[in-house]
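Structure assessment
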Amino acid sequence: MIKAKIFRSSKRVFDCRINDTNEIVPATVYREVMKKNHPVVGDNIIIQQNSESADYEITEIENRENEIFRRIVRSNKKKVIASNVDVILIVTSVSNPRYKPFLLDRYLARAVQWDIPAAIVFNKMDEYADDFELEFEIEKFKSLGVSLFFLNSEEPEDPRFRDDFLELQGLLNNKTAICLGQSGVGKSKLITSLSDGKTELLSSRLAKKVNKGAHTTTWAEIVDCENFLMIDSPGVRTLSLQDIAAEELPSLFPDLSEIFSKCKFSDCKHEDNSKGCFFHTLDEDILDERIHLNRIYSYLKLKEEIESIPEWEK
Ligand SMILES: Nc1nc2c(ncn2[C@@H]2O[C@H](COP(=O)(O)OP(=O)(O)OP(=O)(O)O)[C@@H](O)[C@H]2O)c(=O)[nH]1
Ligand SMILES: [Mg+2]
Ligand SMILES: [Zn+2]
């Protein structure tokens, strides 16, 4: 019985890293195991060496802490992409690409759905030009209890952002993380600097893997960054929330649940013309209330988008 972790998956063969030796070996899966659960990247597993062929076989998958998944709405099935993630790093740029106020709420909704702690990285702080209300955004996400980091990933030595950089490095130590964020916000750069340059750029690794047809959407792998592990999956990086059901959405904004209950009607849609909606009584000039208004706006935008997708497409 050898303890290991799945680092890379394909249809039949899994690259597994043996805990004790860090050696990576290919392993196939016992049919009995496959029947119960399809193994995914991040799974902690038991492997055994076949006494005749010397091949490794996965004989057991340990219970998962959590799962990165998409839901197939039609059949209400889960498609699991990876497992056992300690933290989701949501990366945003404060300059170029410009900051998109409601995008972070979407990533946070995902983190809630997957039940994984999230931290937000405001990257490219060296280029921040005071062209949006960063202070308000900070207050908002602080009130949600999310850890925030302000970084210059291009220059990790930059003394203005050095403390945050070191703190984030400390937070990631010995953890498994996943990075979410739009293209160009600096995810690859961030990972390279956090690993003190020891990791080759994810993008160069990726270049070899893309365009493999149907596999590209589900493929995932773990990249060893020495002091932490990073899960990389194109299927996760492109963030569409098509697979979230409208009924599920309120539960993904837990900070609003108490406020939802203050509306006069339990089926309140919280829209401009909704009678007795508590949100109409909130005051934009009071910070807490402005935060709630901002979050409900984000919620409604997302709801509208989800509802505009025909059921059969989900
Ligand atoms: N000034 C500045 N530039 C940065 C910073 N972080 C990254 N960049 C630059 O921004 C550009 C995009 O960075 P990437 O790391 O490739 O962005 P990415 O998020 O990995 O993008 P995709 O791989 O397309 O998803 C590169 O030219 C980086 O050098 C930063 O903190 N400050
Ligand atoms: Mg990249
Ligand atoms: Zn309401």
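For clarity, every value in this text was computed on a predicted model and none was experimentally measured.

1. Thoughts on the overall build of the protein chain
Each helix and strand counted, the protein chain has nine helices and 13 strands in total. Taken against the 2.2 N^0.38 rule, which gives 20 Å for 314 residues, the C-alpha radius of gyration of the protein chain at 22 Å falls within 12% of a compact globule. By its C-alpha atoms, the protein chain is 75 × 50 × 30 Å across when sized along the principal axes. Relative to its 314 residues, the protein chain shows a buried fraction of 32%. Contacts in the protein chain between residues at least 24 apart in sequence constitute 64% of all its contacts with a sequence separation of at least 6.

2. Notes on the pairing of strand E4 (residues 44-49)
Where strand E1 (residues 2-9) meets E4, four bridges bridge the pair, whose relative direction is antiparallel. By the bridge assignment, Lys 3 is partnered in E4 with Ile 46.

3. Digging into the site of ligand 1
Lining the immediate environment of ligand 1, one finds 17 residues, of which Ser 183, Gly 186, Lys 187, Ser 188 and Lys 189 sit closest. Ranked by residue count, the leading element in the shell around ligand 1 is helix H5 (residues 187-194), at three residues. Grouping the amino acids of the shell around ligand 1 by side-chain chemistry returns two nonpolar, nine polar and six charged.

4. What about the domain arrangement of the protein chain?
Once the domains are mapped, the protein chain shows domain 1 (2-61), domain 2 (67-237) and domain 3 (246-313). Here the C-alpha centre of domain 3 lies 26 Å away from the C-alpha centre of domain 2. If you look at the interface, domain 2 gives 12 residues, while domain 3 gives 13 residues. Counting residues per element, the ones that place at least two in the side of domain 2 that touches domain 3 are helix H2 (103-114) and helix H3 (134-143). Here the side of domain 2 that touches domain 3 takes five residues from H2, the largest share from any one element. Partitioned by chemical class, the residues of the side of domain 2 that touches domain 3 number five nonpolar, two polar and five charged.

5. Quick look at the environment of Lys 79
Its place among the elements puts Lys 79 in strand E7 (residues 77-83). For the pair Lys 79 and Ala 245, spaced 166 residues apart in sequence, the C-alpha to C-alpha distance is 15 Å. If sequence neighbours within four positions are ignored, Lys 79 has contacts with Phe 69, Arg 70 and Ile 72.

6. With respect to the pairing of E7
Taken together, the six bridges between strand E6 (residues 67-72) and E7 define a ladder with antiparallel strand orientation. What sits directly across from Ile 72, in E7, is Lys 77. In this antiparallel pair of consecutive strands, E6 and E7, the connection spans four residues, and Asn 76 shows a positive phi of 55°.

7. Quick look at the nonpolar core
By size, the foremost hydrophobic cluster in this structure holds 66 residues, and its most contacted members are Cys 16, Ile 88, Leu 89, Ile 90, Val 121, Ala 177 and Ile 178. Not counting residues up to four positions away in its chain, the partners in contact with Leu 89 are Ala 119, Val 121, Ala 177 and Cys 179.

8. Digging into the confidence of the model for the protein chain
Taken as a whole, the protein chain shows an average pLDDT of 89; of its residues, 92% reach a score of 70 or greater. Considering only residues more than four positions removed or in separate chains, one finds that residues 209-217, a stretch of pLDDT under 50, has five contacts.

9. Some details on the environment of Tyr 30
Residue position: Tyr 30 is located in the loop between strand E3 (24-29) and helix H1 (31-36). We classify Tyr 30 as partly exposed; it has 15 C-beta atoms within 10 Å. For the pair Tyr 30 and Glu 60, spaced 30 residues apart in sequence, the C-alpha separation works out to 8.4 Å. The residues contacting Tyr 30, other than those within four sequence positions of it, are Glu 57, Ile 58 and Thr 59.

Cut-offs used in this document
Residues numbered from 1 in each chain as written. Chains lettered and ligands numbered in written order. Predicted model: local features only at pLDDT ≥ 70, side-chain atom pairs only at ≥ 80, totals over all residues. Helix = DSSP H or I, 4+ residues; strand = E, 2+ residues; numbered from the N terminus. Rg over C-alpha atoms; globule rule 2.2 N^0.38 Å. Buried ≥ 20, exposed ≤ 12 C-beta atoms within 10 Å, placed from the backbone. Contact = placed C-beta atoms within 7 Å. Pairing = 2+ DSSP bridges. Near = placed C-beta within 6 Å. Nonpolar A, V, L, I, M, F, W, Y, C, P; charged D, E, K, R; others polar. Domains from an automatic or database assignment. Core = buried A, V, L, I, M, F, W, Y, C linked by C-beta atoms within 7 Å. pLDDT = per-residue confidence, 0-100.

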